[in-house]
Amino acid sequence: MCSSDLILKLHQDFVEAGADIILTNTFGGSPLRLEAGNVVQSVKMVNQRAVYLARQAAEQADKQVFVAGSIGPAGQLMKPLGALTPDQVYSNFSEQAHELVEAKVDLIVIETQFDLQEASLVVKAVRDVSADIPLVCSFSYDRGVRTMMGVSPTKMAETMAGLHVDMLGINCGHSLEHNLQALQELKSATELPVWFKPNAGLPKVDQHGVTYYSLTPEAMGQEVSGWLRAGASVVGGCCGTTPEHLTEIVKSAKSFS
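Summary of the structure given here.

Scoring rules and cut-offs
- Residues numbered from 1 in each chain as written.
- Predicted model: local features only at pLDDT ≥ 70, side-chain atom pairs only at ≥ 80, totals over all residues.
- Heavy atoms only, no water.
- Pairing = 2+ DSSP bridges.
- Helix = DSSP H or I, 4+ residues; strand = E, 2+ residues; numbered from the N terminus.
- Buried < 20%, exposed > 50% of the residue type's maximum accessible area, 1.4 Å probe, protein only.
- Right-handed = clockwise from strand over helix to strand, strands pointing away.
- Salt bridge = Lys/Arg side-chain N within 4 Å of Asp/Glu carboxyl O.
- Expected span 1.5 Å × (residues − 1).
- Contact = heavy atoms within 4.5 Å.

1. Concerning the sheet that holds strand 3 (residues 107–113)
Step number 1: If you walk across this open sheet you meet the seven strands as 1-2-3-4-5-6-9, and the pairing is parallel. Only two strands of the sheet have a single partner each, and these edge strands are strand 1 (21–23) and strand 9 (234–235).
Step number 2: Across two bridges, strand 6 (residues 194–197) lies against strand 9 in parallel orientation. For Trp-195, the partnering residue across the bridge sits in strand 9 and is Val-234.

Structure below.
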């Protein structure tokens, strides 16, 4: 099975599990990421092919499924902590956003952000490509209720308030408990809907050297009602989330009242 077949099968499995939104395999599809990974394919080919595969799975579903263009962080720090300039960050994400919009994604999700300056530049780059495409900006809280750069949910909400983002989000974190605390703080700081997509626990390595995530599908599903009570508008799973996890998340979300 070739890589395209595997990606399509993953999308199909998540749709079958009940997903209403599937994300394109473009988290690392920006020029800076592709260059760092020694990927020779063009930004246009990588992003448009990824959208095509997700769209195939969405169109095969017996309900409406939205295709979200995923944009991850640059993978490098900005000056003065790193070498990247604001112009480099802007042009990097402008190119990726152009390809995703041209390929006709239904929305764009800027995810796993940790630095306010970078996130703001990514939002501006996307908005300069399309003023009206639905846009989510999601931060990762891997230090309790702070990002790697020390950004709080409140500060994130205040910064994003004037940048024409349609939804704020949380994806990945040190624990479900900390992610829930971040969600509660974020909801108190914004009137925008919140996208909540925690990881299935932290990665571990078994005795055979195989990586796995600590949270079972059933355990993750049991947490969903708490996410919804805290005000999440969209729920799902990030790292370590399998179709089995999503099945439990969907089941819990549908039974929530």
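Resuming the write-up.
2. Things to note about the pairing of strand 3
Step number 1: Of all seven residues making up strand 3, seven are buried, and the element is well covered by its neighbours.
Step number 2: One ladder, built from four bridges, connects strand 2 (residues 66–71) with strand 3; its direction is parallel. If you follow Ala-68 over to strand 3, its bridge partner there is Leu-107.
Step number 3: Regarding topology, helix 4 (residues 86–102) serves as the crossover connection from strand 2 to the parallel strand 3, and that connection is right-handed.
Step number 4: Looking at chain direction, strand 3 and strand 4 (residues 135–141) are connected through four bridges and run parallel. What sits directly across from Ile-108, in strand 4, is Leu-135.
Step number 5: Note that the unit made of strand 3, helix 5 (residues 116–129) and strand 4 has a crossover that is right-handed.

3. Points about the pattern of salt bridges
Any two side chains of opposite charge can pair, on the condition that their charged atoms come close.
Step number 1: Under the definition given, this model contains nine salt bridges.
Step number 2: Between Glu-102 and Lys-44 there is a salt bridge, and its shortest N-O distance comes to 2.9 Å. Of the two residues, Glu-102 is situated in helix 4 and Lys-44 in helix 3 (residues 43–60); the sequence distance between them amounts to 58 residues.
Step number 3: Accessibility expressed as a relative area gives 40% for Lys-44, which makes it partly exposed.
Step number 4: Ionic contacts of the salt-bridge type, sharing partners, join the residues Lys-44, Glu-99 and Glu-102 into one network.

4. Comments concerning the environment of Ser-255
Step number 1: Within the secondary structure layout, Ser-255 lies in helix 10 (residues 243–255).
Step number 2: Sequence separation between Ser-255 and Trp-195 is 60 residues; the distance between their C-alpha atoms is 19 Å.

5. Some remarks on helix 1 (residues 3–17)
Step number 1: Compared with an ideal rise of 1.5 Å per residue, which puts 15 residues at 21 Å, helix 1 spans 21 Å between its outermost C-alpha atoms and is within 8% of the ideal.
Step number 2: Here helix 1 has its buried residues at Ser-4, Leu-8, His-11, Val-15 and Ala-17.
Step number 3: The inward-facing, buried residues of helix 1 contact strand 1, helix 3 and helix 10.
Step number 4: Immediately beyond the C-terminal end of helix 1, within one or two residues, lies Gly-18, with a positive phi of roughly 120°.

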